[in-house]
Each structure stands twice: as structure tokens, then as C-alpha cells.
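This is what each chain is made of:
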Amino acid sequence: MKKVAIFASGNGSNFQAITDAVHNQKLHIHISCVICDRPGAFVLERAKKENIPVFLINPKSYPSKIAYESAILEKLQAFQIDFIALAGYMRLIGPTILNSYERKIVNIHPSLLPAFPGLDAIGQSLKAGVKETGVTIHYVDEGMDTGQVIAQQTVEIAEGETKESLQKKIQVIEHQLYPETLEKLLNS
Ligand code: GRF
């Protein structure tokens, strides 16, 4: 089984969906560790509850991005990680990690890329007044949500849709699409 690291900065509902899919034998990977960059993030609690090694690596404790990412890389190498899934990790991956994991890092983004990359994709889509948005899973390159698309699913935006209601709809899709896509990518 592929050894996977999950990177997250916040709530970690996608981490949970991936973990649940492993428990339910819908996804055949080994979640070896979680890397989190934000003190207090709820994903830290979730990982502990699942007994998955979790490392809070705070960029503020390092003099540079290279030093920060080298500390992460050390963990990835210690766990012999094959593949990285970003799940709400709120920073760009730099060359230190990218060079060691070329085409072995994927991300999930709450829009139909290339529409609405970057922060607050859900707010951006509502402001733009589009009738539909969605979820994208893509390879990670040095850009902001610019890597090759692997899977996409559309979500309709209803009349009077709020950010909260749209986010809920998008997350339902995310929680199903991410485990499914990882299984296809890593086991077929
Ligand atoms: C998701 O909507 C994902 O698309 C985006 O960040 C959010 C993370 O949510 N990249 P969670 O922390 O997995 O609940």
C-alpha cells in the first residue's frame, strides 16, 4: 500500500473523509502522517483521535521557507512517504518539497479550476454570479492551483445561495470525490 501524508491547516473534514474511506475499505492506502502548519487547527485533534502521527510544523519557527520545508521533508523521509494529499493546506508548496515529490502531490480546490483559484473560491464564485461551480482535484505545481486537473465535479448554485449553504454542498462532493480519486490514482 502506498504511504500517504496529508497536509492540512484547518478543520480537516477532508482528512476525516479520507480516513473514513480507509476504515471502510473503499480506499487502500496507508495514511502515515499528517502535517499541519497551524497551531490550534482542529485537524490536530482529528489525527490524534485516529492515532495517526501528526506534526505541527509552524513556519514561524523557521528562518526561511526552505528551512520550514526541509523540516517537513525530514518527516516525509522518515516515514518513507510515497504520496502527498493536500487537504485544506493554506500555503504554496515550494521547490524543496516539489523537487522530491514531482507529480506525487495532489490538492483539492472548491471551484472548477481554472475558474476562481486561490483564497475564498466559494466567495469568488458567488460574487461572480455564476450558475454553477464545483470541486477540482489537481496535481500540484509551483503555481497557485495551476497544476494538471485530475477530476472535477459540478455543483449548482441555487437562487439565494449563501456562502454557508454553498460550502456545505461543495464539501459533500469533496468528501466523496477525494477518496474516490485517490483510490483511482494510487490503486489502478
Ligand atoms: C476544502 O474546501 C478544500 O477544497 C479547500 O480547503 C477546504 C478544506 O476543508 N482546499 P477541510 O479542512 O478539509 O474541512
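What you are looking at is a predicted structure, and each value in this text was computed from that prediction instead of being measured.

S.K.: Please provide a residue-by-residue account of the nonpolar core, values included.
M.R.: Residues Ile 6, Phe 15, Ile 18, Val 106, Tyr 178 and Leu 182 are the most contacted members of the largest nonpolar core, which totals 35 residues. In this structure, Tyr 178 is in contact with Asn 14, Ile 18, Ala 85, Leu 86, Ala 87, Val 106, Asn 107, Ile 108 and Ile 137, ignoring residues within four places of it in sequence.

S.K.: Could you give me a rundown of the site of the ligand, with the residues and numbers involved?
M.R.: Around the ligand, the surrounding shell consists of Asn 11, Gly 12, Ser 13, Asn 14, Gly 88, Ile 108, His 109, Pro 110, Gln 171 and Glu 174. Contact distances for the ligand include 2.8 Å between an oxygen atom and a backbone N or O atom of Gly 12. In this structure, an oxygen atom belonging to the ligand sits 2.8 Å away from a main-chain N or O atom of Asn 14. Out of a free accessible area of 370 Å², the ligand has 85% covered by protein chains. With respect to the detected pockets, the ligand is housed in the largest pocket. Mapped onto the shell around the ligand, the elements with two or more residues apiece are α1 (13-23), β5 (105-109) and α6 (163-187).

Definitions and limits used
Residues numbered from 1 in each chain as written. Predicted model: local features only at pLDDT ≥ 70, side-chain atom pairs only at ≥ 80, totals over all residues. Heavy atoms only, no water. Core = buried A, V, L, I, M, F, W, Y, C linked by side-chain atoms within 4.5 Å. Buried < 20%, exposed > 50% of the residue type's maximum accessible area, 1.4 Å probe, protein only. Contact = heavy atoms within 4.5 Å. Near = heavy atom within 4 Å. Polar contact = N/O pair within 3.5 Å; in protein donor to acceptor, adjacent residues only side chain to side chain. Areas by Shrake-Rupley, 256 points an atom, 1.4 Å probe, with all protein chains shown as cover. 1 Å grid on protein atoms, 1.4 Å probe; cavity = no way out; pocket = protein on both sides within 12 Å on 5 of 7 lines; lining within 4 Å. Sits in = over half its atoms within 2 Å of the grid points. Helix = DSSP H or I, 4+ residues; strand = E, 2+ residues; numbered from the N terminus.

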